[in-house]
Amino acid sequence: MTRVSKEKRVEFTIKAGSPEKLKSDCVVVGVYAGSDLTASAKALDKAADGAITALVARGELDDKVGATLMLHDLPGIAAPRVLLVSLGKADELTDKSYRDAVGAAAKQLAGSVAADAAFILTETELPHRDLAWRISQAAQILKDSTYRCDELKSKREESKKGVKKVVFIAKAKDTAPLEAALRRGTAIAEGMALAKTLGNLPGNVCTPTYLATTARKLAKDHKIKVEVLEKGDMEKLGMGALLSVARGSHEPPKFIILNYKGGKAKDKPVVLVGKGITFDSGGLSLKSTEGMFDMKYDMSGAACVLGAIKAIAKLGEEINVIGLIPATENMPGGSSIKPGDIVTSMSGSTIEILNTDAEGRIILADALSYSKLFNPEYVIDVATLTGATVIALGTKRAALFTNSSELQEALTKAANNSNDFCWSMPLDDEYFENLSTNFADMANVGPPEGSFGASAYFLSRFTQDVKWAHLDITGVAWQRGKDKRSTGRPTPLLIQFLIDHCNAKKP
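Residues numbered from 1 in each chain as written. Predicted model: local features only at pLDDT ≥ 70, side-chain atom pairs only at ≥ 80, totals over all residues. Heavy atoms only, no water.

A.B. asks: Looking at this structure, I do not really get the sheet that holds strand β14 (residues 350-352). What am I missing?
C.D. replies: Sheet strands associate in pairs through backbone hydrogen bonding, adopting either a parallel or an antiparallel arrangement. Spatially, β13-β14-β18 is the arrangement adopted by the 3 strands of the open sheet, whose pairing is mixed. Looking along the sheet, the strands with just one partner apiece sit at the ends: β13 (342-344) and β18 (442-443). (Pairing = 2+ DSSP bridges. Helix = DSSP H or I, 4+ residues; strand = E, 2+ residues; numbered from the N terminus.)

Next up, the structure:
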């Protein structure tokens, strides 16, 4: 049975209104550093005879972005609560400071006894960001703040706190673009929730079969077709690379195909390929105990593809999207692939396996070859492929490799608009020297030097005649340390890219 993320239902609406007359349980407004009030805060302050100005001037609210102060029963104001949120200096506002302020407000609302809130932080002006963008981001953050990863706890802590309804206050004659932005932000958060849940589930629950079941449920709930290829089907297709990784596991591999047909029949699809290693022990090239601990997250690429397609289907975007998920465990055993073995991929290329812990690129080789059957406009694979990503870019940006400047520009734009960042890396032919071998067309690993680029170049050998991009998400897919959890990234980036691509095709 498919588990779902634990979320509180929050209803979002948009309307106009004077801050001081709003009858919500809580009104959320911004304050700039230096006691400078936003327009709505000024309106509230005027109605309360300067009570807000006095409190802020007294230092009750810190100037640091995201500082909050809950006020109760101010005179002249209909709402029983006013939540002040610090925005920092007015001339230093950025996307990040805005999102941090919204996140701080979301945290306060989640722990409040207020049942509903009027949210006016969206009035905050940002360079190059319109009201629709600010509302979409706020809806995503507020919705995401309700996510809980307690699916496997025997007793879930049910809290009666937290708002159940949020009204965005906006003065606009045409609210249609704002309503669309609201739906978009909510859909992105729901797509992220699915990706997070799949990532957070342990390997004994989230198996290849579980991913297939999740895909089937997704297809049933939305306008999506699904097909799941079994081991015999993969053998007929010649997917020797994928099957070689699956040999050591008792869990049967699955090759999941999702087909969302929202565009015209003649429109070429965008193909998303998600790495689905549901647990990675390293195979016979066994990882250390410490290195193995987080390997339930090695299917995060697959999770993000499922989350992105869910959001696109819910929004009804007029685009054709194919999701391909090669799913298997990578386990040691008597049947496991051995270092030195040579396998034949679906493309016919032979691969010498020098390290069984470099399995992600092996299964993706067959998935990328399969993607060409759909005559795609673009192919984008998403994978936790190399630890070198973390060394190179840390945990803030995914690594982007692509053979198309057009795709590079589009993905970078989507990353910046979604605040789900990536960074372009080189993809040079010289990296093939690191993969040369006397015994096969290529090896699956080379020397440590340049391993980052070599892993991406390995994939490029299976996408030479399509516009393709590879997102290495090892650094961003999950949060490390005491608060370890799936982040759901880069689901927002993928969704934004698909939406942008869809809009670009409209007359």
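A.B. asks: In this structure, what is going on with the packing of helix α11 (residues 360-371) against helix α14 (residues 451-460)? I would like to understand it.
C.D. replies: Helix-helix packing: each pair is described by the crossing angle between the helix axes and the interaxial distance. α14 packs onto α11 with a crossing angle of 25 degrees between their chain directions and a minimal axis gap of 9 Å. By the angle between their directions, the pair α11 and α14 is classed as roughly parallel. Considering how the two elements wind past one another, α11 and α14 form a crossing that is right-handed. In this structure, α11 contributes Arg 361, Ile 362, Leu 364, Ala 365 and Leu 368 to the contact, and α14 contributes Ser 455, Phe 458 and Leu 459. A class-by-class count of the residues in the contact of α11 with α14 yields 6 nonpolar, 1 polar and 1 charged. (Axes fitted to C-alpha atoms, helices over the stretch in contact; angles between N-to-C directions. Parallel < 35°, antiparallel > 145°, perpendicular 65-115°, else oblique. Left-handed = near helix turned anticlockwise from the far one by under 90°. Contact = heavy atoms within 4.5 Å. Nonpolar A, V, L, I, M, F, W, Y, C, P; charged D, E, K, R; others polar.)

A.B. asks: Just checking my understanding: could you explain the pattern of salt bridges for this structure?
C.D. replies: It is possible for side chains of opposite charge to pair when their charged atoms get near one another. Under the definition given, this model contains 17 salt bridges. Across the pair Asp 144 and Lys 196 runs a salt bridge whose closest N-O atoms are separated by 2.6 Å. One end of the pair, Asp 144, is in helix α4 (residues 131-144); the other, Lys 196, is in helix α5 (residues 176-200), with 52 residues separating them in the sequence. Residue Asp 144 is classed as partly exposed on the basis of its relative accessible area of 22%. Owing to a relative accessible area of 9%, Lys 196 belongs among the buried residues under this scheme. The partner of Lys 338 in a salt bridge is Asp 341, with the nearest N and O atoms 3.3 Å apart. Beyond isolated ion pairs, a larger network of salt bridges with shared partners links Arg 247, Lys 338 and Asp 341. (Salt bridge = Lys/Arg side-chain N within 4 Å of Asp/Glu carboxyl O. Buried < 20%, exposed > 50% of the residue type's maximum accessible area, 1.4 Å probe, protein only.)

A.B. asks: Can you help me understand the side chain of Asn 330 in this one?
C.D. replies: Relative to the assigned elements, Asn 330 resides in strand β12 (residues 320-330). Here Asn 330 falls in the buried class, since its relative accessible area comes to 2%. Side chain to side chain, Asn 330 and Asp 280 meet in a polar contact 2.8 Å long. (Polar contact = N/O pair within 3.5 Å; in protein donor to acceptor, adjacent residues only side chain to side chain.)

A.B. asks: Explanation requested: the layout of surface pockets in the structure shown.
C.D. replies: Left-over empty space is what a probe sized like a water molecule reveals as it rolls over the atoms. In this structure, the largest pocket spans a volume of roughly 1,300 Å³. Lining the largest pocket are 31 residues, with Arg 99, Asp 100, Asp 144, Gln 479 and Arg 489 positioned closest to its centre. Among the elements of the structure, α3 (95-110), α4, α5, β20 (478-479) and β21 (485-486) are those that each provide at least two residues to the lining of the largest pocket. Here the residues of the lining of the largest pocket sort into 7 nonpolar, 10 polar and 14 charged. Taken as a whole, the second largest pocket spans an internal volume of roughly 680 Å³. Forming the walls of the second largest pocket are 27 residues, and the residues nearest its centre are Lys 287, Asp 357, Leu 385, Thr 386 and Gly 387. Of all the elements in the fold, those that place two or more residues in the lining of the second largest pocket are α9 (289-292), α11 and α14. Within the lining of the second largest pocket, the residues separate by chemical class into 9 nonpolar, 9 polar and 9 charged. (1 Å grid on protein atoms, 1.4 Å probe; cavity = no way out; pocket = protein on both sides within 12 Å on 5 of 7 lines; lining within 4 Å. Points joined across faces, edges and corners; volume = space filled by probe spheres on them.)

A.B. asks: How do you make sense of unusual backbone geometry when you look at a structure like this?
C.D. replies: Backbone phi values are negative for most residues with the exception of glycine, while trans is the configuration of most peptide bonds. Of note, the amide linkage connecting Arg 489 to Pro 490 takes the cis form, showing an omega dihedral of 5 degrees. For Pro 490, the position within the fold is in the loop between β21 and α15 (491-505). In the Ramachandran plot, Asp 73 falls in the positive-phi region, its phi being about 50 degrees despite a non-glycine side chain. By secondary structure assignment, the location of Asp 73 is in the loop between β4 (68-72) and β5 (81-88). Within the chain, His 128 stands out as a residue other than glycine whose phi angle is a positive 65 degrees. Relative to the elements of secondary structure, His 128 occurs in the loop between β6 (116-119) and α4. Residue classification places His 128 among the exposed positions, given a relative accessible area of 82%.

A.B. asks: Where do I start with the packing of aromatic side chains in this structure?
C.D. replies: To describe a pair of aromatic rings, you give the distance between the ring centres and the angle between the ring planes. A full pass over the atoms with the stated rule returns 8 aromatic pairs. Judged by centre distance (6.2 Å) and plane angle (40 degrees), the rings of Tyr 98 and Trp 133 are tilted. Remark: Trp 133 occurs in helix α4 and Tyr 98 occurs in helix α3; sequence separation between them is 35 residues. Aromatic pair Tyr 370 and Phe 374: ring centres 5.8 Å apart, planes at 65 degrees, arrangement edge-to-face. You can call Tyr 370 buried: its relative accessible area is 9%. Since its relative accessible area comes to 23%, Phe 374 is described here as partly exposed. Clustering of aromatic rings is evident, with ring pairs tying together Phe 12, Phe 119 and Phe 168. The ring of Trp 478 carries the charged tip of Arg 480 above its face, separated from the ring centre by 4.0 Å. (Phe/Tyr/Trp six-rings, centres within 6.5 Å; stacked < 30°, edge-to-face > 60°. Lys NZ or Arg CZ within 6 Å of the ring centre and 35° of its normal.)

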